[in-house]
Amino acid sequence: MVQLTINGKSHEVDVEPDTPLLWVIRDTVGLTGTKYGCGIAQCGACTVHINGEPVRSCSLAVSDAVGKQIITIEGLAADGKLHKVQQAWIDQDVPQCGYCQSGMIMAVAALLKQKPNPTDADIDAAITNICRCGTYQQVRAGIHAAANA
Amino acid sequence: MNFMPKMNRRAFVVSTAAAGGGLALGWQLPFGAAEAAEDSPEVNAWALIKPDETVVIRIARSEMGQGTLTGLAQMVAEELECDWAKVTYEFPTPGQNVARKRIWGDFFTAGSQGIRSSNEIVRKGGAAARMMLIEAAAGEWKVPASECTASLGVITHTPTGRTVTFGKIAPIANKLEPPADVKLKDPKDWKVIGQGKKRLDTPLKVNGEAKYGIDIQLPDMLYAAIKAVPVNGGKVKSFDAAKVEGRKGVKKVVQVEDTAVAVIADSWWRAKTALDELPITWDLGDNVKVSSASIAAWLKEGLDADTGLVGNKTGDATATLASAAKKVEAVYAYPYQHHVTMEPQNATARFTDEKCEVWTSTQNGEAALALVSETSGLPIAKCEVYKTFLGGGFGRRSTSHDYVKQAVLIAKQMPGVPIKLLWTREEDMVHGWYHPVTQAKLTAGFDADKNLTALHIRISGQSILATVMPARMQEGRDPATFSGLYPGGAEAAFGYDIPNVLVDHSMRNPHIHPGFWRGVNINHNAIYLESFMDELAKETGVDPLEFRRKIMAKHPKHLAVLNAVAEKIGWGTPAPAGVHRGLAHFMGFGSYVAAAAEVSVDGKKVKIHRIVGATDPGYAVNPAQIERQIAGSFVYGLTGLFLGGITVKDGAVEQTNFDTYDMMRIAQMPKVEAIVMPSRSGVWGGVGEPTICVAAPAVLNAITAATGTRYRTFPLREHGLTLV
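Here the structure is a predicted model, which is why all the values come from computation and not from measurement. (Residues numbered from 1 in each chain as written. Chains lettered and ligands numbered in written order. Predicted model: local features only at pLDDT ≥ 70, side-chain atom pairs only at ≥ 80, totals over all residues.)

Peer 1: Can you help me understand the overall build of chain B in this one?
Peer 2: Scanning chain B from N- to C-terminus turns up 18 helices and 28 strands. Relative to a compact globule of 724 residues, whose C-alpha radius of gyration would be 27 Å, chain B shows 27 Å and is just as compact. Based on the C-alpha atoms only, the size of chain B along its principal axes is roughly 80 × 80 × 50 Å. (Helix = DSSP H or I, 4+ residues; strand = E, 2+ residues; numbered from the N terminus. Rg over C-alpha atoms; globule rule 2.2 N^0.38 Å.)

Peer 1: Just to check I follow, could you spell out the overall build of chain A for this structure?
Peer 2: Each helix and strand counted, chain A has 5 helices and 5 strands in total. Each helix (α) and strand (β) of chain A, taken in turn from the N terminus, gives the series β-β-α-β-β-β-α-α-α-α. Since a compact globule built from 149 residues should have a radius of gyration of about 15 Å, the 15 Å found for chain A is in line with a globular shape. By principal-axis analysis of the C-alpha atoms, chain A measures approximately 45 × 30 × 25 Å. Counting every position in chain A, which comprises 149 residues, the buried fraction comes to 60%. (Buried ≥ 20, exposed ≤ 12 C-beta atoms within 10 Å, placed from the backbone.)

Peer 1: Help me understand helix α10 (residues 365–376) of chain B in this model?
Peer 2: One turn of an α-helix holds 3.6 residues; hence residues three or four places apart share an orientation. Residue and element names in this part refer to chain B. Along its 12 residues, α10 runs 16 Å from first to last C-alpha, staying within 8% of the 16 Å computed at 1.5 Å per residue. Counting buried residues in α10 gives 10 out of 12 residues, a clear majority hidden from the surface. Of the residues one or two after α10, G377 is the one with positive phi, at around 80°. (Expected span 1.5 Å × (residues − 1).)

Peer 1: Teacher, can you tell me more about the domain arrangement of chain A here?
Peer 2: Often, the extent of an interface is quoted as the loss of accessible area upon association of its parts. Residues and elements named next belong to chain A. Per the domain assignment, the segments making up chain A are domain 1 (2–75) and domain 2 (84–147). Counting residues at the interface gives 15 residues for domain 1 and 12 residues for domain 2. At the level of secondary structure, the elements contributing two or more residues to the side of domain 1 that touches domain 2 comprise β3 (47–50) and β4 (53–56). Here the element with the most residues in the side of domain 1 that touches domain 2 is β3; it accounts for 3 residues. When grouped by side-chain class, the residues that make up the side of domain 1 that touches domain 2 number 6 nonpolar, 7 polar and 2 charged. (Domains from an automatic or database assignment. Contact = placed C-beta atoms within 7 Å. Nonpolar A, V, L, I, M, F, W, Y, C, P; charged D, E, K, R; others polar.)

Peer 1: Would you explain helix α11 (residues 402–411) of chain B in this entry?
Peer 2: Judged by how many residues are buried, α11(B) sits mostly within the fold: 9 of 10 residues are covered. Turning to α11(B), its buried residues number three or more, namely Y403(B), V404(B), K405(B), Q406(B), A407(B), V408(B), L409(B), I410(B) and A411(B).

Peer 1: Please clarify how the interface of chain B and chain A should be interpreted in this entry.
Peer 2: With 49 residues of chain B at the interface, the matching set in chain A holds 48 residues. If one sorts the elements of the side of chain B that touches chain A by residue count, helix α17 (residues 623–642) of chain B sits on top with 7 residues. Considered class by class, the residues forming the side of chain B that touches chain A number 26 nonpolar, 14 polar and 9 charged.

Peer 1: Explain the sheet that holds strand β3 (residues 55–58) of chain B to me, please; I cannot follow it from the model alone.
Peer 2: Strand pairing within a sheet occurs via backbone hydrogen bonds; the two strands may be parallel or antiparallel. Residue and element names in this part refer to chain B. Read from one edge to the other, the open sheet built from 4 strands follows the order β1-β2-β3-β4, with strand pairing classed as mixed. Unpaired on one side and paired on the other, β1 (42–44) and β4 (87–90) mark the two borders of the sheet. Each neighbouring strand pair of the sheet contributes to a mean axis angle of 30°, computed without reference to strand direction. In this structure, β3 lies alongside β4, joined through 4 bridges in parallel fashion. Directly across from R58, in β4, lies its bridge partner E90. On the sheet, helix α4 (residues 119–141) packs against β1 and β2 (47–49) and is oriented at approximately 115° with respect to β1. (Pairing = 2+ DSSP bridges. Axes fitted to C-alpha atoms, helices over the stretch in contact; angles between N-to-C directions.)

Peer 1: For this particular structure, what's the right way to read the environment of N232(B)?
Peer 2: All names here are of chain B. Assignment of secondary structure puts N232 in the loop between β8 (222–228) and β9 (235–239). For N232, a count of 20 C-beta atoms within 10 Å translates into the label buried. Through-space distance from the C-alpha of N232 to that of V430 is 9.8 Å; in sequence the pair is 198 residues apart. Those residues in contact with N232 that lie beyond four places of it in its chain are N287, H511, I512 and H513.

Peer 1: I tried to follow the sheet that holds β3(A) on my own but got confused; where do I start?
Peer 2: Residue and element names in this part refer to chain A. Taken together, 5 strands build an open sheet; the order of strands is β2-β1-β5-β3-β4 and the sheet is mixed. Each having just a single partner strand, β2 (9–13) and β4 make up the two edges of the open sheet. Recorded for the sheet is a direction-independent mean angle of 40° between the axes of neighbouring strands. Pairing analysis gives 5 bridges linking strand β1 (residues 2–6) to β2, with the strands arranged antiparallel. Residue pairing in the sheet places I6 in a bridge with K9 of β2. This element, helix α3 (residues 101–114), spans β3 and β4 of the sheet and lies at about 40° to β3.

Peer 1: Got a minute to help me understand the domain arrangement of chain B in this structure?
Peer 2: Residues and elements named next belong to chain B. Taken domain by domain, chain B holds domain 1 (31–205), domain 2 (213–285 + 345–422) and domain 3 (292–337 + 434–723). For domain 1 versus domain 3, the distance between C-alpha centres works out to 39 Å. With 19 residues of domain 1 at the contact, the number on the domain 3 side is 18 residues. For the side of domain 1 that touches domain 3, the leading source of residues is helix α2 (residues 68–80), giving 4 residues. Residues belonging to the side of domain 1 that touches domain 3 are distributed by class as follows: 5 nonpolar, 11 polar and 3 charged.

Peer 1: What should I look at first to understand the confidence of the model for chain B in this one?
Peer 2: Note that predicted coordinates carrying low pLDDT should not be read in detail. Residues and elements named next belong to chain B. The predicted model of chain B averages 94 in pLDDT, with 95% of residues at 70 or higher. Note on residues 1–33: pLDDT under 50 across the span, and 51 contacts to partners over four residues away in sequence or across chains. Prediction confidence for the complex, expressed as pTM and ipTM, is 0.95 and 0.99 respectively. (pLDDT = per-residue confidence, 0-100.)

Peer 1: I tried to follow the nonpolar core on my own but got confused; where do I start?
Peer 2: Across soluble globular proteins, you tend to see nonpolar side chains buried next to one another. Residue and element names in this part refer to chain B. Grouped together as the largest cluster of nonpolar side chains are 272 residues, with contacts concentrated most on L133, V263, I410, V565, A595 and V699. For this core, the element with the highest residue contribution is helix α18 (residues 692–707), accounting for 12 residues. Excluding its chain neighbours within four sequence positions, the residues that come into contact with L133 are V43, A150, I155, F166, I169, A170 and A173. (Core = buried A, V, L, I, M, F, W, Y, C linked by C-beta atoms within 7 Å.)

Peer 1: Explain the environment of P92(B) to me, please; I cannot follow it from the model alone.
Peer 2: Mapped onto the elements of the fold, P92(B) is located in the loop between β4 and α3 (94–99). A C-alpha to C-alpha distance of 41 Å links P92(B) and V565(B), two positions 473 residues apart in sequence.

Peer 1: When you look at the packing of α17(B) against α18(B) in this model, what are you seeing that I'm missing?
Peer 2: Between two packed helices, what matters for the description is the angle formed by their axes and the separation of those axes. Residues and elements named next belong to chain B. Where α17 meets α18, the closest approach of the two axes is 7 Å, and the angle between their N-to-C directions is 50°. In terms of axis orientation, α17 runs oblique to α18. At the point where α17 passes α18, the crossing takes the right-handed sense. In this structure, α17 uses S633, F634, Y636, G637, L638 and L641 to contact α18, whose residues at the interface are I692, C693, A695, A696 and V699. The class makeup of the residues in the contact of α17 with α18 is 9 nonpolar, 2 polar and no charged. (Parallel < 35°, antiparallel > 145°, perpendicular 65-115°, else oblique. Left-handed = near helix turned anticlockwise from the far one by under 90°.)

Peer 1: It is not clear to me how the packing of α2(B) against α4(B) should be interpreted in this structure. Could you clarify?
Peer 2: Residues and elements named next belong to chain B. Contact geometry of α2 with α4 gives a least axis separation of 7 Å together with a crossing angle of 35°. The interaxial crossing formed by α2 with α4 has right-handed handedness. Within the contact between the two elements, α2 uses L72, M75, V76, A77, E78, E79 and L80 and α4 uses N119, V122, R123, G125, G126, A127, A129 and R130. Taken together, the residues that form the contact of α2 with α4 break down as 8 nonpolar, 3 polar and 4 charged.

Peer 1: I tried to follow unusual backbone geometry on my own but got confused; where do I start?
Peer 2: With the exception of glycine, the majority of residues adopt a negative phi angle, and the majority of peptide bonds are in the trans configuration. The amide bond that connects F714(B) to the next residue, P715(B), takes the cis arrangement and shows omega of 5°. In this structure, P715(B) sits in the loop between α18 and β28 (722–723). Despite not being glycine, D79(A) has its phi angle at roughly 50°, a positive value. Mapped onto the elements, D79(A) comes out in the loop between β5 (69–71) and α2 (84–91).

Peer 1: Would you take a moment to explain the pairing of strand β24 (residues 605–616) of chain B for this structure?
Peer 2: Along any regular strand the residues' side chains alternate between the sheet's two faces. Residues and elements named next belong to chain B. Note that strand β23 (residues 591–602) and β24 share 11 bridges and pair antiparallel. Across the sheet, residue V599 finds its bridge partner in β24, namely I608. The loop that links β23 with its antiparallel partner β24 comprises 2 residues; one of these, G603, has a positive phi angle of about 65°. Where β24 meets β28, 2 bridges bridge the pair, whose relative direction is parallel. Within the sheet, the bridge partner assigned to V606 lies in β28 and is L723.

Here's what the structure looks like:
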């Protein structure tokens with residue numbers, strides 16, 4: 001049994017300790033907002049926050065997340081209010097298919113925590129998530145909008 | 001939007017209770033079923049209005065990011081005269097469509113047809129619902145319907161000023177006969193169509209709530225991981241199930257047809273890791289001899305072979321070329337490309353002798369339903385497909401539902417148990433239905449006065465239709481091969497006036513599966529033609545824009561989009577230092593499209609600073625979403641141009657994941673400036689695909705302007721070029 005804290009809630013899960021955190025979040029705990037895209041930490045669709053840092057959960061063993069604060073897209077909004085990145089995504093109508101956007105939003109939220117007013121170069125360096133619909137122009141606009149919110 | 005099939009609701013509650021409440025999962029049940037008249041009746045098949053005035057619009061086509069969901073809802077709402085702020089939606093199921101004699105028409109969502117081919121049926125659906133609501137109100141008031149009008153969800157009897165809301169009158173309207181004669185609004189009176197409305201699905205896509213096929217959760221569900229023979233045409237020879245059957249959570253190891261093996265377990269990770277350990281021996285078959293080099297050699301022969309597959313013949317190009325004062329020739333090649341939908345292929349199936357149900361991401365729910373029936377052996381009436389959002393489609397989920405078939409075949413081996421089949425990214429990458437491979441030889445002839453008098457385009461390579469839709473072949477010819485090069489018509493016409501033209505095809509179909517891929521044939525056809533036009537302009541010493549304009553006088557719509565991008569990019573004015581320009585235009589899916597790019601090249605590093613993109617789709621239902629489709633399609637096309645290219649070794653696809661098949665990221669994204677210029681000429685053009693094809697040739701022409709080098713084979717990474 002592995003003990004996890006996800007979105008402030010404690011979960012006891014029966015999984016092998018080397019199971020990637022992604023699959024525990026999705027299939028065992030049932031929070032499906034975090035997506036599987038590649039399994040090799042390339043695309044970022046599985047990005048969650050662990051102790052405030054963006055982590056690609058497909059490539060992190062669940063045992064390495066024990067005792068840490070895990071936040072998924074479902075836990076990003078606080079007190080019934082959307083996170084400013086989520087709100088900017090709505091205002092700018094960013095998503096298309098939307099599949100990558102959970103990971104994109106989590107990556108951006110972490111960036112803004114570190115750099116509240118990122119330059120385009122900061123964005124280029126930090127946001128490496130893949131979006132096949134090609135929403136990047138809207139993503140960039142959304143990041144600046146969230147930074148200015 | 002957690003709609004679920006009404007018939008299953010109670011059954012679900014019962015089975016959940018029986019499970020002992022041990023299920024910690026949310027009740028994210030399949031929306032994907034029209035909510036029948038439990039608490040509020042539908043007005044007609046297209047609209048259901050609740051007592052709180054919420055308007056639920058039924059959407060038959062799939063939503064994969066292209067925004068069709070919102071566009072179609074706008075079209076229904078336009079005629080319905082409801083309040084857009086109260087609009088929501090649901091997806092009827094393919095089974096419901098069959099049961100109601102296909103009242104929602106076609107579910108097929110590909111070929112940029114989502115809006116184009118359903119514009120009339122959905123607008124008439126909205127108009128009929130409005131007429132029924134008005135008739136119901138008039139009946140209640142005992143006044144002529146002609147004295148009543150509807151606006152923003154309220155019906156007014158004009159002479160008396162009496163009003164009633166849609167929500168109040170809907171239960172009565174539901175009992176009326178649908179009108180026989182439905183008249184649509186004049187486009188000049190549109191108030192909702194043509195507006196850049198926000199997408200209806202965005203709120204669900206920022207908080208993890210949107211459900212894709214991969215997210216389906218059912219009580220007592222098991223998971224399957226699968227591995228199919230890596231070479232098409234090969235088979236499973238043997239596998240040693242005993243090696244993994246004792247692993248924790250593993251329920252069963254099953255063969256799927258003669259081509260694949262799957263492990264069923266209580267979690268996908270356990271299924272996947274067991275499959276990794278499972279010894280499988282393959283009979284790879286004869287195709288192991290095939291490689292990218294052997295395919296290229298075979299296609300090259302086709303460049304000069306005799307052929308009877310003609311797509312465009314105007315005048316006599318062959319004779320004119322033979323006597324031309326000057327001839328110019330070039331050979332191009334475009335590789336296989338993978339779709340790489342962000343959501344890998346998956347389907348969840350539950351089979352019993354009485355019912356077979358599938359939950360999946362599909363661009364064609366009806367085709368999936370037919371396949372479920374065929375595979376399960378049950379009649380269609382005993383089958384159902386619940387559609388979810390798609391984590392990308394791009395054509396992969398349109399004609400090839402191999403993952404659905406596999407899911408049903410797996411479910412049949414554990415009746416009564418819902419099983420979610422999910423492909424790994426690696427499985428997805430090597431078992432695609434790829435953008436087909438082609439080469440082209442272009443030969444142009446000029447007379448002594450430097451007039452372009454003849455053009456021959458010989459395409460050699462793969463046909464999509466021959467494999468995936470053989471019924472659409474025309475006397476052995478694949479008409480889609482000639483997209484954008486047709487002599488005329490409203491779909492994808494050639495945009496130049498050249499007196500002698502021959503476009504023909506030498507069909508060669510390797511064993512790698514071809515499939516529809518965003519834009520498909522217009523991608524390479526536009527690269528071939530529009531790169532070559534720049535080559536001809538250079539040969540004759542004429543500016544590329546002027547060279548084109550001279551032979552476009554009879555193609556005013558092609559010319560209009562070309563002129564629009566040329567003007568906006570500043571063609572003819574000095575570019576910033578070190579920056580070079582290129583342009584291209586084309587036609588596809590009923591839309592006229594053009595692009596102009598500004599790039600700089602530093603050694604082998606290419607930077608695209610900006611691309612102007614223009615489209616004339618006839619009608620622009622939602623210009624804000626069209627702008628996003630232009631930018632997104634450019635990313636897709638340019639990713640293929642620079643980074644893509646699927647290669648074949650020993651009969652198998654070599655690329656397996658993003659580490660070997662990279663994608664454009666935000667750092668490489670150029671500034672895209674969109675021009676949406678609908679001519680409203682009676683033609684409904686497509687949006688999701690057409691613009692994809694002009695980004696690549698515009699950028700290629702700009703690279704040549706910058707470097708003097710003409711690249712004729714792709715992806716550009718094979719020339720050492722990187723996109724920065």
